Each structure stands twice: as structure tokens, then as C-alpha cells.
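Coordinates in review
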Amino acid sequence: MSAPRFRSLRLVRPAVPEDGTALGELDRATWSTLHAVQPRPQPPYEPFFDERHRPGEHLVAEAVTGTGGTAVAGYLRLGRPTPLACNAHVRQIQGLAVADWARGHGVARALLHAAYAEARRQGAGRITLRVLGHNSAARALYTAEGFAVEGVLPGEFFLGGRYVDDVLMGRSLTA
């Protein structure tokens with residue numbers, strides 16, 4: 001089966017349990033040491049949603065395909081970095097994936113904007129994320145979106161035969 005051809009972004013919406021299969025497939029299709037610190041998933045695959053990763057923490061981007069249908073183009077996981085009350089004003093992007101066929105069409109940016117709105121709706125005033133130091137495309141997008149580097153853990157991960165920095169980034173949601 002060939003990948004859909006991107007025509008336009010339809011919408012960004014909250015995930016529902018029925019999205020689990022498509023999001024799991026997308027997650028596996030986009031796996032790379034450019035952004036993943038876990039080993040490549042192997043069958044039998046774990047469910048995408050579980051007690052720690054609930055549908056309500058995910059935003060899904062749907063695209064209109066060249067045939068006029070819709071397909072999942074990407075997702076973003078937005079969660080709390082800790083369960084502490086003193087940290088309740090912060091939300092953290094804990095995963096973002098865009099299908100190869102949908103890259104370069106503003107899907108990641110649309111997911112980020114939806115995450116800002118959702119984080120504000122939840123009462124957050126700040127949003128953070130972690131990105132691998134060698135993922136220059138993601139870092140450029142986050143910088144263009146107003147994120148600033150707030151810390152670097154040098155050589156935090158050993159991926160693909162080399163040590164990779166873990167870069168901590170954040171931005172205000174009140175400005």
C-alpha cells in the first residue's frame with residue numbers, strides 16, 4: 001500500500017481510543033535514533049495507549065489526502081512533567097511525530113499551536129520539551145516557535161554508536 005499524498009491539513013483534534021492503531025503504526029513508521037531513545041519497536045507491539053499514555057494526552061493531526069479521504073498525519077503528546085502541585089502550571093511535549101508523506105506541510109507547527117491552546121485551556125503558563133541535540137530540524141522548528149534552550153545534558157544518550165546531548169527547551173504561554 002502506498003503512502004497517501006498530502007493535499008491539506010484538515011484539523012487537529014484530541015485523540016480518541018480508536019486512534020490507537022493508526023498512532024501506533026505512525027509511531028513505528030517514524031521511529032529513528034534522530035528522536036527516539038528507546039530501541040526500535042518489535043512485534044508483538046504494545047498498545048499505543050495504556051495507563052501511562054492516555055488518549056486525552058494526545059492531539060491528532062488529520063490531513064486530506066490526494067484522493068479526498070482523510071488520514072492521520074501526525075500526533076503530539078502533551079502531559080505534565082511531574083505530578084507535583086508546585087509544577088501544575090507547566091505542560092511538557094512528550095512526543096511529536098509527523099508521517100513522512102505529510103512533512104513540510106506545517107503539520108508539526110499546527111500540532112504545536114494546538115498544544116499551546118490546550119495547555120492554556122488547562123491553566124498552564126509554560127510549556128517545555130526535550131529534544132536530542134543532533135535533531136537539528138526539530139530544534140530549528142522549536143526555536144522558530146519561541147522555545148529557548150534552558151539546559152543541556154551533554155552525552156546523555158548513546159545512540160547509533162555515538163553520545164548525544166539531551167537539550168531542554170521551554171517557552172512561556174503567557175506572552
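The numbering scheme is per chain: residues are counted from 1 as the chain's sequence reads. Under the rules for a predicted model, residues below a pLDDT of 70 receive no local features and side-chain atom pairs below 80 are neither given nor counted, while totals for whole chains, interfaces and linings still include all residues. Only hydrogens and water are set aside; all other atoms, that is, all heavy atoms of the structure, feed into the side-chain values.

1. Notes on helix 1 (residues 20-29)
Three or four residues apart is the spacing at which side chains of an α-helix point the same way, because the helix has 3.6 residues per turn. The condition is simple: Remark: exposure states derive from per-residue accessible area (1.4 Å probe, protein chains only) relative to the maximum for the residue type, with buried under 20%, exposed over 50%, and partly exposed in between. Each helix is a run of DSSP H or I of at least 4 residues and each strand a run of E of at least 2, with the numbering of both proceeding from the N terminus. It is the directions from the helix axis to the C-beta atoms that the arc portrays. Only heavy atoms matter for contacts: two residues are in contact if any of them lie within 4.5 Å across the pair.
Among all positions in helix 1, only Gly 20, Leu 23, Gly 24 and Leu 26 are buried. For helix 1, the buried positions fall inside an angular range of 160° around the axis, keeping them on one side. For helix 1, the exposed residues set more than 90 degrees away from the buried face come down to Thr 21 and Ala 29. Where helix 1 is buried, its residues contact strand 2 (58-65), strand 3 (70-79) and strand 4 (90-98).

2. As for the pattern of salt bridges
What counts is decided by this rule: The salt bridge criterion pairs a side-chain nitrogen of Lys or Arg with a carboxyl oxygen of Asp or Glu, the two atoms within 4 Å.
One pass over the structure, following the stated rule, counts ten salt bridges. Among the ionic pairs, Arg 13 bridges to Glu 62, the shortest N-O distance being 2.8 Å. Placement of the pair is Arg 13 in strand 1 (residues 6-14) and Glu 62 in strand 2, with a sequence separation of 49 residues. Glu 145 is paired through a salt bridge with Arg 109; the nearest N and O atoms lie 2.5 Å apart. Separated by 36 residues along the polypeptide, Glu 145 in the loop between helix 3 (136-144) and strand 6 (148-159) and Arg 109 in helix 2 (residues 107-121) bring together distant segments of the chain. According to the relative accessible area criterion, Glu 145 is buried, its value standing at 9%. For Arg 109, a relative accessible area of 36% translates into the label partly exposed.

Geometric descriptors of this kind do not, in isolation, establish any biological role.
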